[in-house]
Structure formats: C-alpha cells, structure tokens
Amino acid sequence: MPRPNKPKKKRKSSATSSLNFSGGPGALPQEVLEQASEAVLRAPGTNQSILGISHRSDYFKAILQEAEKIFRELLDIPADYHVLQLQGGSSLQFSMIPMLLLRGKGNAAEYLKTGYWSAKSIPEARLEGAVRVLYDGEGTGYTRLPEEGELVYDPQAAYFHYVSNETVEGLQFHYLPGLKEVKRVCDMSSDFLSRPFDIKDFCLVYAHAQKNLGPAGLTLVILKDELLKDAPNNLHSMLDYRNHAAMGSIYNTPPVYSIYVTLLIARWLRDEVGGLKKMAVLNEKKAKALYALIDRHPEFFRGHAAKKDRSQMNAVFRLPTPELDKAFLEESIAAGFYGLEGHRSLGGLRASIYNAVTEEDVNRLMEFMEGFRKKHSK
Ligand SMILES: Cc1ncc(COP(=O)(O)O)c(C=O)c1O
C-alpha cells in the first residue's frame, strides 16, 4: 500500500482551524488531516481521488487489510477473533449484538445502565429477549458508576454488556466489570485505542470511528469467531456478522474514505505515538492536568462525575449559572475553541480530550478557562 509523502510539518497546536474539543466527531491529528486532504485529490501511488477508488480494487483491499493488521498489532488480537469494519454506527450494534446473542435464547442478558448511551442500548436488546439491568444510575443523574462489589451477576447470563466510557456524562470504568464465565461485550466507542486492554477478556468489542479512530462512517467490531457458530438463521443479510466476516468487510460498498483515514490514524498511533501504552500515558497526563484545574476551583468549575469514575476522554462540568455556561461557550468560540458545549441531554460544558488533542491544546484550553474564571469570579 503506497504511503503518502512524509508531512513536512509536525503537528503543532496552532492548527489553522479551531481546536476541536467536541464529544464527536473528535479531533484528528494535523498530519493525518493533511494526508487525508491530499488523498482527496490523488490517492498515494494513483492518478485517482480516494473518493473515486473502487471498493472492489486491490488498492482498497490493501487499505482495509493494512488497517486490520495494525489493529491486530496494537491490541495483540488473536487469530480466533474477527476484526470487522462495518457501518451503521455504534447504534446499529445495540441491535446486532442481541440479534446474535439473545434471539431465541432462554437466559436473560445483563446490562449496566450507567449513562445516556448504555440507556439507549437496553430497549434495543429487549426487542430480542429478556434483559436484566444490574445497575441503573438514572435516578442519581448518572453521576457515578457502580462499585465492583455492588453488582450481582448471574453466571448463566446470555451475555453481559456495558459501556466502558459514557461520553455524555464523562464516566469511565477503571476496572473490568463482569464474570469470567459470561460473554463480556463492551461499547468502547469513546475510549477505544486510548489505552491498552486485553481483548481476550471480551467476546465482542465495538467502537465507532469518530472519536479516536477517524471520521464518522466506520464502526469497528472485534468479535470471537465462536460467537458466529450459533448465529440464528433468520437474520437479514446486512445484519448478519457472518456475511461481513466471509467477505472481509466488503459485503456491500464500505465507507472507503473513512476506512482510508482510519488507516492513517492507525499508522499514526503505531509510528508517531509508539503504541497504546504511550498513548495511555499521554492521555493520563492531559486528563490529570485538566481535572487538577477543575479541582482547584470547585466553586467555579463543578465537575459532573464522581472523582473515582472520571473519564480521561470527556471532562464534563458546569459553571455556577447557566448564563456563565453560555458566556463560556461564546467566548471559547471567539478564542478559537470548538465543541465545548455539553451533550444536548445534559447541558453544561464538556471538554473532550481524545487521542489527537495534544498536551499543548489542553494547556491552551486551561489558560482560557483560568482567564475566564478570573474575569467572571466575583
Ligand atoms: C459510547 C457511545 N455509544 C454509542 C454511541 C452512538 O454512536 P453512533 O452515533 O455511531 O450510532 C455514542 C455516540 O456518541 C457513544 O458515545
């Protein structure tokens, strides 16, 4: 697979566009944006725009296969797991998973309802069979995650589903919930590839691209081959993982451009960052600095999540009044920041510091926050 010319510029936080702190689509590294925009005019080694490259070409197959190879390297994925590059977003996985694992089964699936996104996944599963909710944080405003000892699991459950990082509320698991003997399924949409994890602890992991992986349009599903052995035979063909696995993720026309940009990100993570351990160190450092600022002024920056469950990807907070939240947003846009509004279901503010947000970007945001606080504190 031909590579683009090495970018001349290293990523600086003085990117020409505003700094993207949005919950998603998230920031992408400047060098990847440059390579991606060059490929729109001419894909490396071709006379064709990447947007016009056939999904049946060897060129595209090489893109897809190289992306898969790098994911396998980064996460040390064993051969008995499929790596599927699908469409339909993470929301479609809310349905495809229970179609595969719950349809026609006698035992209930177990779900944790820890925030906006896990709450969305539960009604979809209920269309396919019985669901037991082991923890429901809605009544307490999704401000914390369950403690390890608080959850009573059934070793006979059809599977166990949770969301590792609740993007809206900024809650992230810092331990592995679930039982060893029950199929563990995880929505990692907003923290996938931000830190290492052992894929062998999971039967199925899914993550859409538009946080840490690339542009919207692609959803990565990593699943254990043995799950497909008892797939029901009444699935629509596009909703049957077996078809996607058999066709190497080219069952129908895949999102060629999203997959191409995701390959660029995968290379960036491996070659520029140096892998997931290094990525985790950088992410930890950024989050620590940002939360330290929030904690220095708790009367002004009011964090949403319990400290022990804070997300290293999404820092969710409010200011003392809704008027101040509004002023913060307006002034942040004028100062060159993008996407700091909280999710529409929660309001307030959210700073999403995904992989491609640099330490320097976070420092600039913190300077802005500190300046805003001084200006507006009584
Ligand atoms: C954790 C999580 N799961 C699922 C979704 C839904 O993803 P999609 O819009 O790709 O369907 C989101 C959206 O941001 C999310 O953050």
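Residues numbered from 1 in each chain as written. Predicted model: local features only at pLDDT ≥ 70, side-chain atom pairs only at ≥ 80, totals over all residues. Heavy atoms only, no water.

Draft legend 1. Region of the structure containing the environment of Asn-233. Looking at the secondary structure, you find Asn-233 in the loop between strand S10 (219-224) and helix H5 (241-246). Asn-233 sits in the exposed class, given a relative accessible area of 71%. There is a polar contact of 3.1 Å between the side chain of Asn-233 and the side chain of Arg-242. (Helix = DSSP H or I, 4+ residues; strand = E, 2+ residues; numbered from the N terminus. Buried < 20%, exposed > 50% of the residue type's maximum accessible area, 1.4 Å probe, protein only. Polar contact = N/O pair within 3.5 Å; in protein donor to acceptor, adjacent residues only side chain to side chain.)

Draft legend 2. Local environment of empty space enclosed by the protein. Scanning all chains against the criterion turns up one cavity of 30 Å³ or more. In this model, the largest cavity occupies a volume close to 40 Å³. Lining the largest cavity are Glu-169, Gly-170, Tyr-291, Ile-294, Gly-303, His-304, Ala-305, Arg-310, Asn-314, Ala-315 and Val-316. Elements with a minimum of two residues in the lining of the largest cavity: helix H7 (276-296) and strand S12 (314-318). Here the lining of the largest cavity takes three residues from S12, the largest share from any one element. (1 Å grid on protein atoms, 1.4 Å probe; cavity = no way out; pocket = protein on both sides within 12 Å on 5 of 7 lines; lining within 4 Å. Points joined across faces, edges and corners; volume = space filled by probe spheres on them.)

Draft legend 3. Broad picture of the domain arrangement of the protein. When the domains of the protein are assigned, the result is domain 1 (40-271) and domain 2 (275-376). Each partner contributes residues to the interface: domain 1 has 28 residues there, and domain 2 has 25 residues. Both sides together, the interface formed by domain 1 and domain 2 hides about 2,200 Å², and carbon and sulfur atoms give 57% of it. Residue Lys-308 is joined to Glu-147 by a salt bridge in which the shortest nitrogen-to-oxygen separation is 3.7 Å. Summed over the shared surface of domain 1 and domain 2, the result is 17 residue pairs in polar contact (both at pLDDT 80 or more). For the side of domain 1 that touches domain 2, the elements supplying multiple residues, two or more each, are helix H2 (58-75), strand S7 (171-172) and helix H6 (256-273). The element that contributes the greatest number of residues to the side of domain 1 that touches domain 2 is H6, accounting for three residues. Counted by class, the side of domain 1 that touches domain 2 contains eleven nonpolar, ten polar and seven charged residues. (Domains from an automatic or database assignment. Contact = heavy atoms within 4.5 Å. Buried area = accessible area lost by both parts, 1.4 Å probe. Salt bridge = Lys/Arg side-chain N within 4 Å of Asp/Glu carboxyl O. Nonpolar A, V, L, I, M, F, W, Y, C, P; charged D, E, K, R; others polar.)

Draft legend 4. Representation of the site of the ligand. Near the ligand lie 13 residues; those nearest to it are Ser-91, Thr-167, Asp-187, His-208 and Lys-211. At 2.6 Å from a nitrogen atom of the ligand is found a side-chain nitrogen or oxygen belonging to Asp-187. One of the side-chain nitrogen or oxygen atoms of Gln-210 is found 3.3 Å away from an oxygen atom of the ligand. Protein contact buries 86% of the 390 Å² of open area that the ligand shows by itself. (Near = heavy atom within 4 Å. Areas by Shrake-Rupley, 256 points an atom, 1.4 Å probe, with all protein chains shown as cover.)

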